[in-house]
Amino acid sequence: MLAVTAMIELLKELGLWIEDQSIDVTWKLTGKPQTDSRLIGTGDIFICIKGFQSDGHKYITQARQKGAELIIQEDGFQDEGSAIRVSNSRKAAAILAREFYQNPTAALHLIGITGTNGKTTTSLLIRQALCYLGMKTGWIGTLGYITDSEFIPTNNTTPDILELNQILDKMIMANCTTAVMEVSSHALSLDRVYGLKFRAALFINLSREHLDFHRDMNDYFEAKYKLFEYTMASGGTCIVNTDDAFGKQVYERISNCNYPRLISVSGTQGDFVFSNAKCSLNGCEFNLREPSGSYHDIRMRLTGDFNIVNASMAIASVRTLFPDTGTEMICQMAASLKPIKGRLEKVSNRNNIGLYVDYAHTPDAMKKVLQTLKALPHKRLITVFGTGGDRDKGKRPLMLMTALAESDCVIITDDNPRTEKPEVIIKDIIGDCDKWKPWWIIRDRRAAIKAAINLAQAGDIVLLAGKGHETYQEICGVRHHFDDAEVAAECLNEESKISNEELVLPVDPVFLELLYDSEFRQEETSYELYRMVSTDSRIIKSGSLFFALKGDNFDGMNYVDQVLSDRSNGAVVQGSDEKRSRTIRVEDSRQALGMLARKYLLMFHPLKIALTGSTGKTTTKEYLANIFSEEGKILKTEANENNIIGLCRTVFRTRPKDQTAIFELGTNHFGEIPTLSDICNPNIALITNIGPSHLEFFGDEAGVYKEKTELFRRGSATILYPGDDSRFSEFSARGKGVGLSAGCHYRISDVQFATDRLEFKLNGIRWSVDQIVPYYVTNIAFAISCAMEAGLPEESIRSGLRKPIPRNLRMEVKYCNNMVIILDCYNANPVSMQAAIEFWVNIDPGRPHAAILGDMLELGEQSEQLHQMIGTRLSSCEYDLLFTVGQHSKLYHDLVNQINNNSLDKHYDKVEDLLRANWLKHIPDNAVILIKASHGIHLEKLLESICHD
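The rules we used
- Residues numbered from 1 in each chain as written.
- Predicted model: local features only at pLDDT ≥ 70, side-chain atom pairs only at ≥ 80, totals over all residues.
- Heavy atoms only, no water.
- Helix = DSSP H or I, 4+ residues; strand = E, 2+ residues; numbered from the N terminus.
- Rg over C-alpha atoms; globule rule 2.2 N^0.38 Å.
- Buried < 20%, exposed > 50% of the residue type's maximum accessible area, 1.4 Å probe, protein only.
- Contact = heavy atoms within 4.5 Å.
- Areas by Shrake-Rupley, 256 points an atom, 1.4 Å probe, with all protein chains shown as cover.
- Lys, Arg positive; Asp, Glu negative; His and termini not counted.
- Charge placed at Lys NZ, Arg CZ, Asp CG, Glu CD.
- Pairing = 2+ DSSP bridges.
- Axes fitted to C-alpha atoms, helices over the stretch in contact; angles between N-to-C directions.
- Salt bridge = Lys/Arg side-chain N within 4 Å of Asp/Glu carboxyl O.

## Here's the deal with the overall build of the protein
Thinking step 1. A count of helical and extended segments in the protein gives 30 helices and 46 strands.
Thinking step 2. The C-alpha radius of gyration of the protein comes to 39 Å, more than 25% above the 30 Å expected for a compact globule of 949 residues.
Thinking step 3. Here the C-alpha coordinates of the protein stretch approximately 135 × 65 × 45 Å along the principal axes.
Thinking step 4. Out of the 949 residues belonging to the protein, those deemed buried represent 56%.
Thinking step 5. Taking the intrachain contacts of the protein between residues at least 6 apart in sequence as the baseline, contacts between residues at least 24 apart amount to 67%.
Thinking step 6. As displayed, the protein has an accessible area near 38,800 Å², and 46% of this comes from carbon and sulfur atoms.
Thinking step 7. Between the centroid of the 105 positive side chains of the protein and the centroid of its 122 negative side chains there is a distance of 3 Å.

## Points about the sheet that holds strand β35 (residues 684–687)
Thinking step 1. Pairing is mixed across the open sheet formed by nine strands, whose spatial order is β33-β34-β32-β35-β36-β37-β38-β39-β40. In this open sheet, the two strands that pair with only one neighbour each are β33 (634–636) and β40 (765–769). Shown here is a sheet whose adjacent strand axes are inclined to one another by a mean of 20 degrees, direction ignored.
Thinking step 2. Of the pairings in the sheet, the one linking strand β32 (residues 607–612) to strand β34 (residues 660–664) comprises five bridges and is parallel in character. Its bridge partner being in β34, Ala610 is matched across the sheet by Phe663.
Thinking step 3. Running over the sheet, helix α19 (residues 617–628) touches β32, β33, β34, β35 and β40 and is turned about 160 degrees from β32.
Thinking step 4. Helix α24 (residues 776–789) contacts β32, β35, β36 (718–722), β37 (736–739), β38 (746–753), β39 (758–762) and β40 of the sheet and is inclined by roughly 45 degrees relative to β39.

## Looking at the pattern of salt bridges
Thinking step 1. Applying the stated rule across the entire model yields 50 salt bridges.
Thinking step 2. A salt bridge links Glu285 to Arg299, with the shortest nitrogen-to-oxygen separation between them at 3.9 Å. Separated by 14 residues along the polypeptide, Glu285 in strand β17 (residues 283–289) and Arg299 in strand β18 (residues 295–300) bring together distant segments of the chain.
Thinking step 3. Since its relative accessible area comes to 32%, Glu285 is described here as partly exposed.
Thinking step 4. Arg299 gets classed as exposed once you look at its relative accessible area, which sits at 51%.
Thinking step 5. The partner of Asp484 in a salt bridge is Arg445, and the shortest N-O contact between them spans 2.8 Å. One end of the pair, Asp484, is in helix α15 (residues 484–493); the other, Arg445, is in helix α14 (residues 445–455), and 39 residues separate them in sequence.
Thinking step 6. The exposure class of Asp484 is buried, given its relative accessible area of 0%.
Thinking step 7. Sharing partners across several salt bridges, the network here consists of Arg446, Lys450, Glu490 and Glu494.

Next up, the structure:
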């Protein structure tokens, strides 16, 4: 029961009273103070609060009608009823609530904790410690409140002042003697803790947060400092983390007041000093020195440097308020402290992944948590985070900047969008961040968590940041059940096998918009994640992103409607203003495909090797694959997929287990190698050789050299080049040559050929390979040199070299019907043609030798000259029969016929003509046959007739 006269006198004493009307001085109020007119009952006091959404003064009439006996207001009186006008109705509410509930903090040891990060952890640690010491202790914070043992959830970190006093009263009724409370800057600014008596106040830290509410950091700081003004007014103790820059300001300001009850906590110099910290996945241990000079050896289950600060602050408060607690009890108490839900909470799993959930939702908190995790043993650190809607927008890009600085890769997702559009928040987070940093967007938080778990391997750490303890996700103002730890556990238990066609990281339309600076057109209510990428409408599957590529003989735009008839598909289109739904328009869809592949590969961490050259690159690739597979799983370019489409297909097959990715890069136009190099961004780049290939487009070898060496101009850490080619001297300062020359970093010497193997030395170390093609020595040497540069052990290299390599029409040596067949129909240029002829004529010289040779394609204006050059080489060889196929290969005969005059030598325009000519009857039974041409001549068709017959 509140006496009106006593209430007025108290308001006057505090400088809040302005005037009153219709007050009966003998009147004693029986009702409750209320700030919500909807809750008014007969006899209640209605306090008009000017809020952000509404003004309580508008509801005075409604409150009167519902039975309010007294109105407390700031504005002038609206009617003749009993009312008191005050200067600050929030403070008046605090005083009335305190008096109505008979000043509960006078009977409690109330401990208040403020700061940007660590309030919940520190407050709960204090409560745990006090409970361990046998004190009944209540708690109020972000999660809700606890009265002794009962937990009740709430909406605000610090409840409304009326609810707060009611909660404190409940604690007294539950026989609590102490209470620990998180005190937010909002609560301090809105006078929610005005009039409470604090026995102690803790300052943890201050960093950017709530600048949607506070004008600036200074305003934010001043709001926090109010807690210490209240505490000093109550005669309580101020405990400050002086390692924090703002904490130092708090400490200095209180010191300047000559206030005696001031305690500092620090890792260097203070009243309580923590030192010798050691953290692991299972917890921390450290020393804590008290003001008396005594030490505690603290061991606890919490991990992270920031938790050492939180625990030190907690122990310091307990020791200061309850100094009779013994040293042994303090150590036991610290050991009993349990990790706090959502605060670096570990999600157990059998995948050997360090999977953590944390409430970090500010740049500073993110930095501290990630730095803590980085200090733990791990391979990669993967962060999943978003930022809340209707909150400080300025911190959004700072969160990404922090996550990228401290993580290996980042997945950006939805947090609590609240009433904002999720895509707007995502775009704010990205801001002007470099596209080629390792970030990815998956707005669906469950899908993002699933992708992060799929991306992680044993020994990796995954942080799910931002929501921590929260068990909901608020979207469009509606709360849906969502618990990061619960979802992570579910994802761990789900079947996680991904098909060869699926992406580990699905593609979000908003991600495409930011990647391509274009708009993704879609229905307002639709949201698809694309789990496959396709360039072929004939074999496309549901849930795919189709790239409508345009080539010389096809145009993917003709098939977009067909693709989009499946509503789970989307398309990247070019050169059209047609407003199809589920499409995004780009200038060049082929380039867009490459951009997506480049971005995708950034999210993985294999050692990336890229190689090119006029000849030998595929053979070198296969030897590299065999060698590096000894150390772990590899990804490699398959078959002839060495153009931009093939490279992208290879990249999209990347899996987290791939330790090495080997990319073969081919080119027949200027500008392709730079594009391919940018996509794969290799750690190691090598060029096998430069020769007259694709001269139709490059003009001459100088053009080939210019294009191929673009691979070396993209910033790879290691480059390997043909050391016998003087043109590569420009790279000698930052690269290493491989070859026979004396100046090579990797020098080949003492090459020996046997009937079933090659032997040679590389930098004095002897190597033996089951291989009979002599010019493969250089290819093998490149593979060995690359492995050495990567730090592979010698035994792994030797073991890899013992594995056979797939031939795929490249110098395949087959034995059929007593004949030796050398099949090399994958590609041909003057260098490879001469090398094949050299090998052919030297195999088993006692046997008859026959050759079926075809055109070397794409040699441009020099084609005639280069084919004649091969004819010159043939004229110096001893052989028995020559058939040629194609347009230019007839030139092989010119000089040969002048010398050999073999009437059986013939030319055919097409391979089908040769097959119809019953050519095989002219081949000696035990001949050594060389079949070589560019793949477009299709001489491989001859093999079936040879072996069949």
